[in-house]
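# Overview (structure and organization)
Here is what each chain is made of, one letter per residue.
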Amino acid sequence: MISVIIPAYNAATFIADCLDSLIAQDFTDWEAVVVDDGSTDSTPLLAESYAARDRRIRLARRPNGGLSAARNFGLDRANGHYITFLDADDRLFPNALSILLSNLGNDTDVVTAQLSASPAPPAATHKAATRVMSGLEALADGLYQNRVNTSACGKLYTREILHKVRFREGIWYEDLEFFSRLCLASRHIAVTDTPVYYYRPNPSSFIHTFSPARLDVLRVTADIQQLVHSACPELLPAARDRHLSASFNMFALMSIHDPSGHTYSDLQDECWKTVRSLRRASLFNPRVRLKNRLGILLSYLGRRAFILVARRLYS
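Here's what I pulled together on the structure shown here.

This next bit is on the overall build of the chain. A tally of regular secondary structure across the chain gives twelve helices and nine strands. In terms of C-alpha radius of gyration, the chain reaches 20 Å, essentially the compact-globule figure of 20 Å for 315 residues. Projected onto its principal axes, the C-alpha positions of the chain cover 60 × 45 × 35 Å. With 315 residues in all, the chain has 52% of them scored as buried. Sequence separation of 24 or more characterises 78% of the internal contacts of the chain that already satisfy a separation of 6 or more. Of the accessible surface of the chain, which amounts to about 14300 Å², a share of 53% is contributed by carbon and sulfur atoms. Where the 36 positive side-chain charges of the chain centre and where its 32 negative ones centre are 7 Å apart.

Right, let's talk about the packing of helix 7 (residues 174-185) against helix 8 (residues 216-231) for a bit. Where helix 7 meets helix 8, the closest approach of the two axes is 10 Å, and the angle between their N-to-C directions is 10°. Judged by the inter-axis angle, helix 7 sits roughly parallel to helix 8. Contact residues: Leu 176, Glu 177, Ser 180, Arg 181 and Leu 184 in helix 7; Val 220, Thr 221, Ile 224, Leu 227 and Ala 231 in helix 8.

Let us look at the pattern of salt bridges. Following the criterion strictly, the structure yields 17 salt bridges and no others. When the shortest N-O distance is used, the salt bridge between Asp 193 and Arg 147 registers 2.9 Å. Taken together, the residues span a long stretch of sequence, with Asp 193 in strand 9 (residues 188-198) and Arg 147 in the loop between helix 5 (135-143) and strand 8 (155-158) at a distance of 46 residues. Through salt bridges that share partners, Arg 168, Glu 177, Arg 181 and Asp 223 make up one connected network.

Extensive coverage of helix 3 (residues 67-75) is indicated by the burial of eight of its nine residues. Regarding helix 3, the residues found buried are Ser 68, Ala 69, Ala 70, Arg 71, Asn 72, Phe 73, Gly 74 and Leu 75. On the buried face of helix 3, the contacting elements are strand 1 (2-8), strand 2 (30-37), strand 3 (57-62), strand 4 (82-85), helix 6 (159-164) and helix 7.

With that settled, the discussion passes to unusual backbone geometry. Within the chain, Asn 10 stands out as a residue other than glycine whose phi angle is a positive 50°. For Asn 10, the location among the structural elements is in the loop between strand 1 and helix 1 (15-23). Among the residues examined, Asn 10 registers a relative accessible area of 30% and is labelled partly exposed. Located in the positive-phi region is Tyr 173, a residue other than glycine, with phi close to 60°. One can find Tyr 173 in the loop between helix 6 and helix 7.

Attention now goes to the packing of helix 5 against helix 7. Following both chains from N to C, one finds helix 5 and helix 7 inclined at 155°, their axes separated by 7 Å at the closest point. It follows that helix 5 is roughly antiparallel to helix 7 by the angle criterion. Of helix 7, the residues touching helix 5 (which contributes Gly 135, Leu 136, Ala 138, Leu 139, Gly 142 and Leu 143) are Leu 176, Phe 179, Ser 180, Cys 183 and Leu 184. A breakdown of the residues in the contact of helix 5 with helix 7 according to their chemical character gives eight nonpolar, three polar and no charged.

Take the environment of Arg 303 next. Tracing the sequence through the fold places Arg 303 in helix 12 (residues 303-314). At a separation of 3.0 Å, a polar atom in the side chain of Arg 303 contacts the side chain of Asp 269.

A few words now on the environment of Ile 256. Within the secondary structure layout, Ile 256 lies in helix 9 (residues 236-257). With 39 residues separating them in the primary sequence, Ile 256 and Val 217 have C-alpha atoms 17 Å apart.

A word on the pairing of strand 1. In terms of residue burial, strand 1 counts as a mostly covered element, since seven of its seven residues are buried. Neither face of strand 1 is open: one carries Ile 2, Val 4, Ile 6 and Ala 8, the other Ser 3, Ile 5 and Pro 7, and all of them are buried. Pairing geometry for strand 1 and strand 2, over seven bridges, is parallel. Residue pairing in the sheet places Ile 2 in a bridge with Trp 30 of strand 2. Assessed by its sense of winding, the connection that carries the chain from strand 1 through helix 1 to strand 2 is right-handed. As paired elements, strand 1 and strand 4 share four bridges and run parallel to each other. Counterpart to Ser 3 in the pairing with strand 4 is Ile 83.

We now examine the nonpolar core. Counting 91 residues, the largest nonpolar core has Ile 6, Phe 85, Tyr 157 and Met 250 as its most contacted members. No other element matches the eleven residues that helix 9 contributes to this core. Setting aside chain neighbours within four positions, we find Tyr 157 in contact with His 81, Tyr 82, Ile 83, Thr 84, Phe 85, Asp 109, Val 110, Ser 151, Ala 152, Leu 162, Phe 178 and Leu 182. With five residues, the next largest nonpolar core counts Val 33, Val 35, Ala 70 and Phe 73 among its residues.

Rules of the game
Residues numbered from 1 in each chain as written. Predicted model: local features only at pLDDT ≥ 70, side-chain atom pairs only at ≥ 80, totals over all residues. Heavy atoms only, no water. Helix = DSSP H or I, 4+ residues; strand = E, 2+ residues; numbered from the N terminus. Rg over C-alpha atoms; globule rule 2.2 N^0.38 Å. Buried < 20%, exposed > 50% of the residue type's maximum accessible area, 1.4 Å probe, protein only. Contact = heavy atoms within 4.5 Å. Areas by Shrake-Rupley, 256 points an atom, 1.4 Å probe, with all protein chains shown as cover. Lys, Arg positive; Asp, Glu negative; His and termini not counted. Charge placed at Lys NZ, Arg CZ, Asp CG, Glu CD. Axes fitted to C-alpha atoms, helices over the stretch in contact; angles between N-to-C directions. Parallel < 35°, antiparallel > 145°, perpendicular 65-115°, else oblique. Salt bridge = Lys/Arg side-chain N within 4 Å of Asp/Glu carboxyl O. Nonpolar A, V, L, I, M, F, W, Y, C, P; charged D, E, K, R; others polar. Polar contact = N/O pair within 3.5 Å; in protein donor to acceptor, adjacent residues only side chain to side chain. Pairing = 2+ DSSP bridges. Right-handed = clockwise from strand over helix to strand, strands pointing away. Core = buried A, V, L, I, M, F, W, Y, C linked by side-chain atoms within 4.5 Å.

Next up, the structure:
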């Protein structure tokens, strides 16, 4: 059985679509644990109405504590041999669970598929290539922001691996932090190019807006560097490149949202210092993606030129 953990906070607009996509799965041996994370709208009532109609759906309620806490709460109440996470404002394509399960091998701890911003399922979903990587290979690929996505969603986990790795509570960018520890704990990770998960674009979501909370990515990527340094120093170039990418992104966003430099001046200086210290190694690293290389080349023109271009691109 697959346990589908669905954290839900004020998700009344989308929860029905989310649960309908689960009911429509061609794989039927699943349970859904809807974790109401202290919603103030009709989310729990809607979830209860679905639970009354389908015994595979259960509602668990808790005071608001954030996404990581809600996922951990759901894990404690899951009964399945396998686990997947589904955000309440997203949905699964009809054969998502069967595709994920079909790619799980005997020594595979995680299957990761692709997320899609298009609501239409792709046509030939069972024909996409699958590659089995070691946990370290998958971590490197994810940190270089290449084929392996670092989201907690669109993946199938064995119960055993989630006994070893839980979500760190009280941080933002919890998926990236979780992914790094997950890969270090995993023997093999199967990677398929099949899109199984519709990620609903939301212009007002955390990742599409700027707030001080987004600066947490600097701490998270710095922590990942320390983790990698201790556990597998051969992956330090990948971890440093991910921290460089975060520094580029946050430096640009702070330049746009604090043009006077009064609020975030110290952090901007720290980001630029990081860029200057890490850029040369990433520029000559063949695994670094083109976007980072272009950012590095632009940074050599100087801080002011970088800000002018960033304002045009991000505004």
